[in-house]
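# Notes for the structure review
Given next are the chains, with one letter for each unit.
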Amino acid sequence: MNILLLGSGGREHALAWKLAQSRLLAGDGDRLFAAPGNPGIADHAECVTLDAGDHDAVVSFCRDNSIGLVVIGPEAPLVDGLADSLRTADIPVFGPSKQAAQLEGSKGFTKDLCERAGIPTARYMRATSLEDAWGALKMFDAPFVLKADGLAAGKGVVIVATREEAQEAVRDMFDGRFGSAGAEVVVEEFLEGEEASFFALTDGKTIVPFGTAQDHKRVGEGDTGPNTGGMGAYSPAPVLDEKLRGRAMAEIVEPTVATMASEGMAYSGVLYAGLMLTEAGPKLIEYNCRFGDPECQVLMMRLESDLGEAMLACAQGRLHDYGQPQFSDSTALTVVMAAHGYPDAPEKGGAITLAPDGAGGVTVFHAGTARGEDGSLVSAGGRVLNVTATGANVTQAQKAAYAAVDRIEFPTGFCRRDIGWREVERERA
Ligand code: AMP
Ligand code: GLY
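These notes cover the structure that comes with them. (Residues numbered from 1 in each chain as written. Chains lettered and ligands numbered in written order. Predicted model: local features only at pLDDT ≥ 70, side-chain atom pairs only at ≥ 80, totals over all residues. Heavy atoms only, no water.)

### Observations regarding the sheet that holds strand β8 (residues 157-160)
The antiparallel open sheet is built from four strands, whose spatial order is β6-β9-β7-β8. A single partner strand is all that each edge strand has here, and the edge strands are β6 (124-127) and β8. Neighbour-to-neighbour, the strand axes of this sheet turn through a mean angle of 20°, independent of strand direction. In the sheet, strand β7 (residues 144-148) pairs with strand β9 (residues 185-188) via four bridges, with the strands oriented antiparallel. Residue pairing for β9: Val145 is matched across the bridge by Glu188. In the packing of helix α6 (residues 107-117) onto the sheet, contacts are made with β6, β7, β8 and β9, and the angle to β6 comes to roughly 140°. (Pairing = 2+ DSSP bridges. Helix = DSSP H or I, 4+ residues; strand = E, 2+ residues; numbered from the N terminus. Axes fitted to C-alpha atoms, helices over the stretch in contact; angles between N-to-C directions. Contact = heavy atoms within 4.5 Å.)

### A short note on the packing of aromatic side chains
Taken as a whole and judged by the stated rule, the model has seven aromatic pairs. Ring centres of Phe33 and Phe61 lie 5.3 Å apart, and the angle between their planes is 90°; this geometry places the pair in the edge-to-face category. Separated by 28 residues along the polypeptide, Phe33 in strand β2 (residues 32-36) and Phe61 in helix α2 (residues 55-64) bring together distant segments of the chain. Each of the two residues, Phe33 as well as Phe61, counts as buried. Look at Phe199 and Tyr272: their rings are 4.7 Å apart centre to centre, the planes differ by 45°, and that puts the pair in the tilted class. Placement of the pair is Phe199 in strand β10 (residues 194-202) and Tyr272 in strand β15 (residues 269-278), with a sequence separation of 73 residues. Residue classification places Phe199 among the buried positions, given a relative accessible area of 0%. A relative accessible area of 4% places Tyr272 in the buried class. Ring pairing ties together the aromatic residues Phe94, Phe199, Phe210, Tyr272, Phe291 and Phe327, which thus form one cluster. (Phe/Tyr/Trp six-rings, centres within 6.5 Å; stacked < 30°, edge-to-face > 60°. Buried < 20%, exposed > 50% of the residue type's maximum accessible area, 1.4 Å probe, protein only.)

### Brief notes about the site of ligand 1
Of all residues adjacent to ligand 1, which total 15 residues, the nearest are Glu188, Glu189, Leu191, Glu195 and Glu286. Between a nitrogen atom of ligand 1 and a main-chain N or O atom of Glu189, the distance comes to 2.9 Å. Measuring from an oxygen atom of ligand 1, one finds a side-chain N or O atom of Lys217 at 3.4 Å. Relative to its free-state accessible area of 470 Å², ligand 1 is covered by the protein chains to the extent of 91%. Put simply, the parts of the chain that give the shell around ligand 1 at least two residues each are β7, β8 and β16 (281-288). For the shell around ligand 1, the class distribution of residues is eight nonpolar, no polar and seven charged. (Near = heavy atom within 4 Å. Polar contact = N/O pair within 3.5 Å; in protein donor to acceptor, adjacent residues only side chain to side chain. Areas by Shrake-Rupley, 256 points an atom, 1.4 Å probe, with all protein chains shown as cover. Nonpolar A, V, L, I, M, F, W, Y, C, P; charged D, E, K, R; others polar.)

Here's what the structure looks like:
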C-alpha cells in the first residue's frame, strides 16, 4: 500500500525509518511519501510539498496517490481537525479527531476530564480573566504552577516561587504572551516527584501499552536553564516498573479512553501521558496526542513489531486483532544536537558532516536539517540531529551515543553531555 507521513522533525524521521521496514510497504509498487519531510526522511520516503493546513489538498493528494494510511506526526494538524477531514473522505488515518485531540489542545479540558473520571492529577482551577486567576492563586501555596490553556509549543507552563511572580506571569498570559493559547489559564497544585512518560496505542476501545521513556527538557547540563522541546531521552524508563505501569494503565489511561468513548469523543492514535511519580502514586501532568520528540526516536529503536500494521489497526478500529507490541529489552538513548542559540534564536545554515558509517547500533535521525545549494547538509532549525544508540543499559547506550556524537562535525552546534544522568547514577549505585 501507499502511506503518507506528515511532519518534518526527528520524530518523523524515526517514524519513516520504522515504517519503511513495515510489511505494508514490502510490495513492489508500495510507496512511502512524506510531507514535507527532511533530508534524513528522504532516505526512506519521497518528500513532497503539501500544506497540512489545507485539508482539501491533503485529501486530493491521498486520492491521487491511492494512499491507504496517513500518519500525522505533530499535534497542530490534529488539533486543527485534519484527521476528521481524512476520515470523512474514508482515508484511514493514524491520529485522533479534533475533539479527542483536545486532550493536548486544552489543558482545562483535560483537567475537567480527570475530575469527571476520577483520574489522579494536580488540584486545579480554570480562569478566563485576570481577576479569576488572581483569586485562584489564593487557593494555592508556593511554588505556583500556571499554564496557558492552549497549544504553546511546550512553552506555556510557568512555575514560580512567589505570589508576586505568579501574578505577573498570569498578567503576561492574558496580555497575549502565548497568543490565543493564553486566553484561558489553569492554576494548579505543584506536584513533587520524578517525571516519566508512558505511551499507549488505542483505537478508542482496545488499549495496548507502547513503551516508556524519560526525557531532559532543560537546555543545560544538570537539568538547568530554559525549557526546550527535549534535549535527549531514553527508553525504557526503569522508574516506571511493572507495578507503576499497571497503575498508570488502570488509574489514568484506561479511564481516559473509556470516558472519551462514552462521551462520544473516542480517542484513536497514540496517547502520550506525562506522569509525575509522587509518593501517592502516578499522577497525570499532561497528555499529548502524538508521539514525543525525541521520545519517539528511542521507542522506534526498540520496537520489534511492525509499526505500519499497528498504526493501520488503530486507524481501522481493529487493534484487538493486533496483539501486544514487542519491544527489545535493550535500552535506547538519544542525544539531541542543537544549533547555537537554541531555544531562543538558533543559528541556521551551519555546516554538518556526518561520519560515513552509521553502524554499530547507532542511528542519526535528522530533525532541523536541510540541503544547501551544493547539496551539503546544513542546520535549519533549533534541534538539528538526534544521535540514537542502543546498549544493555543506560550507561552503555549513553557511551555509544556520545562516541557517535564525537564523530559528527557540527561546529555551530552543541549538545548536553549528561543525557541519562539519573539512571547512570542509579546503575552505578
Ligand atoms: P507540561 O507542558 O504540562 O508538560 O509542563 C511542562 C513541565 O512543567 C513538566 O514537564 C513538568 O516538569 C512541569 N510541571 C507541569 N505541571 C506541573 C505540576 N503540577 N507540578 C510540578 N511540575 C509541573
Ligand atoms: N519531548 C516532549 C514532547 O514531545 O512533548
